[in-house]
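# Descriptive analysis of the structure
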Amino acid sequence: MQNAECALALGAGAPTLYRLSGHSVSTPCGSGCSLSAANVTSTSTSRTLVMRYADASASAGATKSFIFASSSGSALTQHSVSRRGTVSLNFSSGSAVVTTKSTVKRDVVHGVLMLLAWGVFMPLGAGLTRMKRLLPDGKWFIGHTGLVAVGSVIFIVAIAMLEGGEDEVQGTHSLYDGHRGVGVAVIAMWLFQVLLGAFRPNKSIQDGARFGFIPANWRDKWFFAHALMGPLTIGLATVVMITGAIIVKDKYTDSDDSEIKFLANGGVYGVFIGVWALCAIGAWRDRFAKAEGGLEV
Ligand code: HEM
Ligand code: HEM
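So, a few notes on the structure that sits alongside this text. For every chain, the first residue of the written sequence is number 1, and numbering continues from 1 onward in sequence order. Just so you know, chain letters begin at A and ligand numbers begin at 1, following the order they were written in. Given that this is a predicted model, residues contribute local features only at a pLDDT of at least 70 and side-chain atom pairs are listed and counted only at 80 or more, while totals for whole chains, interfaces and linings are drawn from all residues.

### Description of the nonpolar core
Side chains of nonpolar character tend, in soluble globular proteins, to be buried together. For clarity, the threshold we go by: What makes a nonpolar core is a set of buried Ala, Val, Leu, Ile, Met, Phe, Trp, Tyr and Cys residues, with links drawn between C-beta atoms within 7 Å. To sort residues by exposure, count the other C-beta atoms lying within 10 Å of each residue's C-beta; 20 or more gives buried, 12 or fewer gives exposed, and values between give partly exposed, all with C-beta atoms placed from the backbone. Counting from the N terminus, the helices are DSSP H or I runs at least four residues long and the strands are E runs at least two residues long. For every residue pair, C-beta atoms are placed from the backbone, and the pair is scored as a contact if these atoms sit within 7 Å.
Formed by 26 residues in total, the largest nonpolar core has its most connected members in Ala 117, Trp 118, Phe 121, Met 122, Ala 237 and Met 241. If you list the elements that add at least two residues to this core, you get α1 (106-128), α2 (139-160), α3 (176-198) and α4 (219-251). Take this core: its biggest share by element is nine residues, from α1. The contact partners of Trp 118, leaving out residues within four places of it in the chain, are Ile 234, Ala 237 and Met 241.

As structure tokens, then:
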């Protein structure tokens, strides 16, 4: 958008023409500007921005796309999905058609996927390791690796959702730096935990060194590290999910975006409580099985 020309109409004042020059600094759209004669007419329910666009290289019948965004309030927040899009203008007929409208809020998809990965799949996967008697014959292991594998794929997609997008709330929300910083720590710890899992020493000395170089007598130390990192990573991820939900809630203030606020208004806590309760019940039933001399692990 560097060098793009735009018209900005705030309140009842006259519109200003700008040439975009950076993230927060813009210069007036002076000589050579294709926009001119911008004017706003207001009624009690609507405002219309009219301006002239001159393009010497446009031929009759050609179309040109313009990006627009408007807001109902005076707060400086992101324009809601229903109030932004692209308009295609036909120079010969003069008709303007709204051609595209961004309907996917990438940060909301990021949040919902993160909640699935770290609120549901990872804790359930970790919880299964405490249910070895309820899920004997290695079923717990298949469950553990399967759930953390699915959680990891969702996690990667959730990270990718933010790549290439603008950091719209950077510097404007007090929780942003913390969310980003601890979020990056979670990414590093997740990678370490997955590598620990993949390069685990064999359980019994008779099986020898895994991959020929990981001694089985490291198993105790490995277990300590893996059993510590798991809950620590899930704990930090939980803090990141709570801050993320608050950022999303504060970012979208227009009424038509309210459907995603359930995340901050108790939604994330509901997911945590449900999943953790399930794990606690499973671990509790497993202790029963142990006390009753149930199935061997
Ligand atoms: C463990 C879970 C999570 C991790 C590891 C994580 C990680 C991150 C990271 C690293 C960024 C910065 C991206 C960048 O600067 O390029 C970010 C931004 C963000 N995250 Fe998360 N996040 C998590 C969960 C959530 C949740 C649950 C929500 C919302 C419900 C959320 C909402 C956001 C928002 C709104 C941004 C700012 C996007 C923008 O700049 O406009 N995050 N997250
Ligand atoms: C982010 C991913 C992972 C998390 C959060 C995680 C978390 C955990 C947790 C919390 C435990 C329980 C320790 C205890 O009983 O106190 C555990 C055990 C275990 N994990 Fe993972 N894990 C992950 C990935 C993996 C992977 C990829 C593998 C193998 C390929 C693996 C293999 C194991 C094994 C074998 C145990 C049981 C150790 C034993 O009881 O002797 N984990 N994991």
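### A short note on the site of ligand 2
How we decide: Here, nearness is defined through the C-beta atom: a residue counts as near a molecule or strand if that backbone-placed atom lies within 6 Å of it. Three residue categories are used. Nonpolar comprises Ala, Val, Leu, Ile, Met, Phe, Trp, Tyr, Cys and Pro, charged comprises Asp, Glu, Lys and Arg, and polar comprises the others, including Gly.
Looking at ligand 2, there are 21 residues lining it, with Ala 126, Thr 129, Gly 197, Ala 227 and Gly 230 nearest. Secondary structure elements with two or more residues in the shell around ligand 2: α1, α2, α3 and α4. Ranked by the residues each element gives to the shell around ligand 2, the list is headed by α4, at seven residues. Across the shell around ligand 2, the residue classes tally to 11 nonpolar, eight polar and two charged.

### Overview of α2
The following threshold applies: Expected span of a helix: the number of residues minus one, times 1.5 Å. Directions from the helix axis toward the C-beta atoms define the arc.
The end-to-end C-alpha separation of α2 is 32 Å, in line with the 32 Å expected for 22 residues at 1.5 Å each. By the burial criterion, the buried members of α2 are Trp 140, His 144, Val 148, Gly 151, Ile 154 and Phe 155. Angularly, the buried residues of α2 cover 125° about the axis, an arc narrow enough to put them on a single face. Every exposed residue of α2 that faces more than 90 degrees away from the buried side is listed here: Ile 142 and Ala 160. In this structure, the buried residues of α2 make contact with α1 and α3.

### Examining the environment of Val 153
Locating Val 153 in the fold gives a position in helix α2. Take Val 153: there are 13 C-beta atoms within 10 Å of it, and that puts it in the partly exposed class. In sequence terms Val 153 and Ala 117 are 36 residues apart; their C-alpha atoms lie 8.3 Å from each other.

### Remarks on the site of ligand 1
If you check the shell around ligand 1, you find 26 residues, and the closest are Gly 111, Met 114, Gly 183, Ala 237 and Gly 244. Of all elements in the fold, only α1, α3 and α4 reach the threshold of two or more residues within the shell around ligand 1. Counting residues per element, the shell around ligand 1 draws most heavily on α4, at eight residues.

### A look at the sheet that holds strand β1 (residues 5-8)
One key point about sheets: their strands pair by backbone hydrogen bonds, in either a parallel or an antiparallel sense. Heads up, the condition is: One requirement defines pairing of two strands: DSSP has to find at least two bridges between them. Orientation is described by axes fitted as lines to C-alpha atoms, over the contacting stretch for helices, and by angles from 0 to 180 degrees between their N-to-C directions.
If you walk across this open sheet you meet the three strands as β1-β2-β3, and the pairing is antiparallel. Among the strands making up the open sheet, the edge pair consists of β1 and β3 (26-28). Neighbour to neighbour, the strand axes of the sheet diverge by 40° on average, direction disregarded. When β1 meets strand β2 (residues 16-20), the two strands line up antiparallel, connected through four bridges. Each bridged residue has a counterpart across the sheet, and for Leu 8 the counterpart in β2 is Thr 16.

### Thoughts on the environment of Val 194
Within the element layout of this structure, Val 194 appears in helix α3. Distance from Val 194 to Ala 149, taken between C-alpha atoms, is 8.9 Å for residues 45 residues apart in sequence.

### Here we look at the pairing of strand β4 (residues 35-42)
Burial analysis of β4 places just zero of its eight residues in the buried class, a small minority of the element. With six bridges joining them, β4 and strand β5 (residues 47-53) adopt antiparallel strand pairing. In the strand pairing of β5, Leu 35 is matched with Tyr 53. Between β4 and β5, which pair antiparallel and follow one another directly, the connecting turn spans four residues.

### Quick look at the packing of α4 against helix α5 (residues 267-291)
Under the convention used in this document: With respect to orientation, any angle under 35 degrees is reported as roughly parallel, any angle over 145 as roughly antiparallel, any angle of 65 to 115 as roughly perpendicular, and every other angle as oblique.
The contact between α4 and α5 brings their axes to 9 Å, and the two run at 155°. The angle between the axes of α4 and α5 places the two elements in the roughly antiparallel class. Taken together, the residues of α5 that come into contact with α4 (itself represented by Thr 238, Met 241, Ile 242 and Ala 245) are Gly 267, Val 268 and Phe 272. Class assignment for the residues of the contact of α4 with α5 results in five nonpolar, two polar and no charged.

### Details of unusual backbone geometry
Despite not being glycine, Asp 137 has its phi angle at roughly 55°, a positive value. Structurally, Asp 137 can be placed in the loop between α1 and α2. Overall, the presence of 11 C-beta atoms within 10 Å leaves Asp 137 in the exposed class. In this model, Phe 211 sits at a positive phi of 55°, which is unusual for a non-glycine residue. Along the chain, Phe 211 falls in the loop between α3 and α4.

Everything listed here is a matter of coordinates, which is why it stays silent on function.
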